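Each chain, letter by letter, is given below.
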Amino acid sequence: MPATTGDRRRVWFAGGGTGGHLYPGLAIARALVRLDPAIEPFFIGARRGIERTVLPTQGFAFELLDLHPLYRRRPWENWKTVRGAVLAWRRLTALAGERPPVAVVGTGGYAMGLAVAWAGRRGVPVVQQVADVVPGLTARWAARWSRELYLGFPEAAPHFRGKATFVTGNPIEPPPAARESAADARRRFGLSTELGRIVLVFGGSQGARAINEAVAGWVRSGLPAGVGLIWATGAGQEVQYRDLASDGRIVVTPYLSPISHAYAAADLAITRAGAITCAELSAWGLPAIMIPLPTAAADHQTTNARALEDAGSAICFPQQTLTSRALADTVDKLLAGEERLKAMRIAALRRARPDSALEIAERVRTLIAN
């Protein structure tokens, strides 16, 4: 018999602003419900974050609050942050009065901080999923209330000395047990069966202008013989590059959904270095040239890419040195021999934690039970 509303235990998921902070929470929530249908995830996010468009489609209850980050470059606007925090604190108290949470799972970003502080002040158990090698300001600040921290990268552990940390990897949708063959995946994209290597390029949902321009120059100068391209330019940029598409060889698309078919088809990826991208590449065993976003907070994408480079699964390619010629030379060297790619694939799989969401959900369920 399914649990009634009165039997269900509500767990708050607090985090968002970007997909890298929201989607891990959704993955953990789904795993938690599969483990225990009596648990009811409830999402708390910011009205100005990506959650405003994503959460209404996910089937979980949620509340969006007028939360703001610290405006470091425009400090005169921090009155919005203070006002939003006061109003949000009152709303959290009201929500708890209706259905008190048994735990709070923080997944990062400015949307997480207030809910974690509220729970910590009231003795509600708090855990935190930390995605990047260098934790953000909110993650470090919220650690004081976190009973357990689940790390996406083992290199993050020194930032939380004295805390209970567990290296779980970052929650993602894992590759299917019966994986699609590269040949079948390539046929989905209409790629020629005569191509020897496929390179996957993407820079996030909105795309990465610097990567797109470098790839465009590479394509115009001529791809190496036997090399094909799956190129997701990002929403709003595809129209500028669609003339570079080539039947059977170069696929140009705004985005890839699901991206799993592209991962199955590819031999090498050219990407940014967000935490979820790093986790997915590792899970699929896909070598990568990682071009970190130079404006990312605390330059965390560079440290993510360096971690994978040190592990042997990726090359960190700073955007400051990115040119079409330099990118082409790097790709040529990687594709020249199977041994290098094979070693990178093995290194990627060694870092993989495809069952991260389930592992975290099991720890959260144990915490609630105790």
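Note that the coordinates shown come from a computational prediction; the quantities given were computed from them, not determined experimentally.

About the criteria used
Residues numbered from 1 in each chain as written. Predicted model: local features only at pLDDT ≥ 70, side-chain atom pairs only at ≥ 80, totals over all residues. Heavy atoms only, no water. Helix = DSSP H or I, 4+ residues; strand = E, 2+ residues; numbered from the N terminus. Rg over C-alpha atoms; globule rule 2.2 N^0.38 Å. Buried < 20%, exposed > 50% of the residue type's maximum accessible area, 1.4 Å probe, protein only. Contact = heavy atoms within 4.5 Å. Areas by Shrake-Rupley, 256 points an atom, 1.4 Å probe, with all protein chains shown as cover. Lys, Arg positive; Asp, Glu negative; His and termini not counted. Charge placed at Lys NZ, Arg CZ, Asp CG, Glu CD. Salt bridge = Lys/Arg side-chain N within 4 Å of Asp/Glu carboxyl O. Phe/Tyr/Trp six-rings, centres within 6.5 Å; stacked < 30°, edge-to-face > 60°. Lys NZ or Arg CZ within 6 Å of the ring centre and 35° of its normal. Core = buried A, V, L, I, M, F, W, Y, C linked by side-chain atoms within 4.5 Å. Axes fitted to C-alpha atoms, helices over the stretch in contact; angles between N-to-C directions. Parallel < 35°, antiparallel > 145°, perpendicular 65-115°, else oblique. Nonpolar A, V, L, I, M, F, W, Y, C, P; charged D, E, K, R; others polar. Pairing = 2+ DSSP bridges.

**Student:** Summarise the overall build of the protein; cite the residues concerned and give the values.
**Tutor:** If you tally the helices and strands in the protein, you get 14 helices and 13 strands. Relative to the 2.2 N^0.38 estimate, which gives 21 Å for 370 residues, the radius of gyration of the protein is 22 Å and therefore close to what a compact globule would have. For the protein, the spread of C-alpha atoms along the principal axes amounts to about 65 × 55 × 40 Å. In the protein, which comprises 370 residues, the proportion classed as buried is 53%. Long-range contacts, defined as pairs at least 24 residues apart, comprise 62% of the intrachain contacts of the protein with a sequence gap of at least 6. Summing over all exposed atoms, the protein offers an accessible surface of approximately 16,500 Å²; the carbon and sulfur share of this is 53%. Placing the 44 positive and 31 negative side-chain charges of the protein at their respective mean positions leaves the two points 7 Å apart.

**Student:** Tell me about the pattern of salt bridges, and please be specific about residues and values.
**Tutor:** Counted by the stated rule, this structure contains 20 salt bridges. With a closest N to O distance of 3.1 Å, Asp66 and Arg83 form a salt bridge. Here Asp66 is found in the loop between strand 3 (61-65) and helix 3 (78-98), whereas its partner Arg83 is found in helix 3, with 17 residues between them in sequence. In this structure, Asp267 and Arg197 form a salt bridge, with 3.9 Å as the shortest nitrogen-oxygen distance. Here the residue Asp267 occupies a position in the loop between helix 9 (260-265) and strand 11 (268-271), and Arg197 occupies one in strand 8 (residues 197-202), the gap between them amounting to 70 residues. Each of Arg186, Arg197, Asp267, Glu338 and Arg345 takes part in a single network of salt bridges with overlapping partners.

**Student:** Explain the packing of aromatic side chains residue by residue, including any values.
**Tutor:** One pass over the structure, following the stated rule, counts 8 aromatic pairs. Seen in terms of ring centroids, Phe13 and Phe43 are 5.1 Å apart; in terms of plane orientation they differ by 20°. Their pairing is stacked. Here the residue Phe13 occupies a position in strand 1 (residues 9-14), and Phe43 occupies one in strand 2 (residues 39-46), the gap between them amounting to 30 residues. No difference in accessibility class separates Phe13 from Phe43, as the two residues are buried. Taken together, the ring pairs in this structure connect Phe13, Phe43 and Phe60 into an aromatic cluster. Sitting over the face of the ring of Trp145, Arg144 holds its NZ or CZ atom 5.3 Å from the ring centroid. Across from the ring centre of Phe166, 3.7 Å away, lies the NZ or CZ of Arg363, which sits over that ring.

**Student:** Could you give an account of the nonpolar core, with specific residues and numbers?
**Tutor:** The nonpolar side chains of a soluble globular protein tend to be buried with one another. If you look at the biggest cluster of nonpolar residues, it comprises 38 residues, and the most contacted ones within it are Leu200, Ile230, Tyr263 and Met290. Of all the elements, helix 10 (residues 275-284) adds the most residues to this core, at 7 residues. Once residues within four sequence positions are removed from consideration, Tyr263 is found in contact with Leu200, Phe202, Glu280, Leu281, Trp284 and Leu286. If you look at the next biggest cluster of nonpolar residues, it comprises 31 residues, including Val199, Val201, Ala216 and Ile250.

**Student:** Describe in detail the packing of helix 7 (residues 209-221) against helix 12 (residues 324-335), supporting the description with residues and values.
**Tutor:** Running from N to C, helix 7 and helix 12 cross one another at 75°; their axes reach a closest spacing of 8 Å. One way to sum up the angle between helix 7 and helix 12 is to call them roughly perpendicular. Residues Glu213, Ala214, Val215, Gly217 and Trp218 of helix 7 form the contact with helix 12, whose participating residues are Ser324, Leu327, Ala328 and Val331. Residues belonging to the contact of helix 7 with helix 12 are distributed by class as follows: 6 nonpolar, 2 polar and 1 charged.

**Student:** Lay out the sheet that holds strand 6 (residues 148-151) with the relevant residues and their values.
**Tutor:** Here 7 strands make up an open sheet; going across it, the order is 3-2-1-4-5-6-7 and the pairing parallel. The strands lining the two open edges of the sheet, one partner per strand, are strand 3 and strand 7 (165-167). Here the strands of the sheet are splayed against their neighbours by 20° on average, with no regard to which way each runs. Taken together, the 3 bridges between strand 6 and strand 7 define a ladder with parallel strand orientation. Within strand 7, the residue paired with Tyr150 across the bridge is Phe166. The strands touched by helix 14 (residues 356-369) within the sheet are strand 1, strand 2, strand 4 (101-106), strand 5 (126-130), strand 6 and strand 7, with strand 6 carrying the most contacts at an inclination of about 175°.

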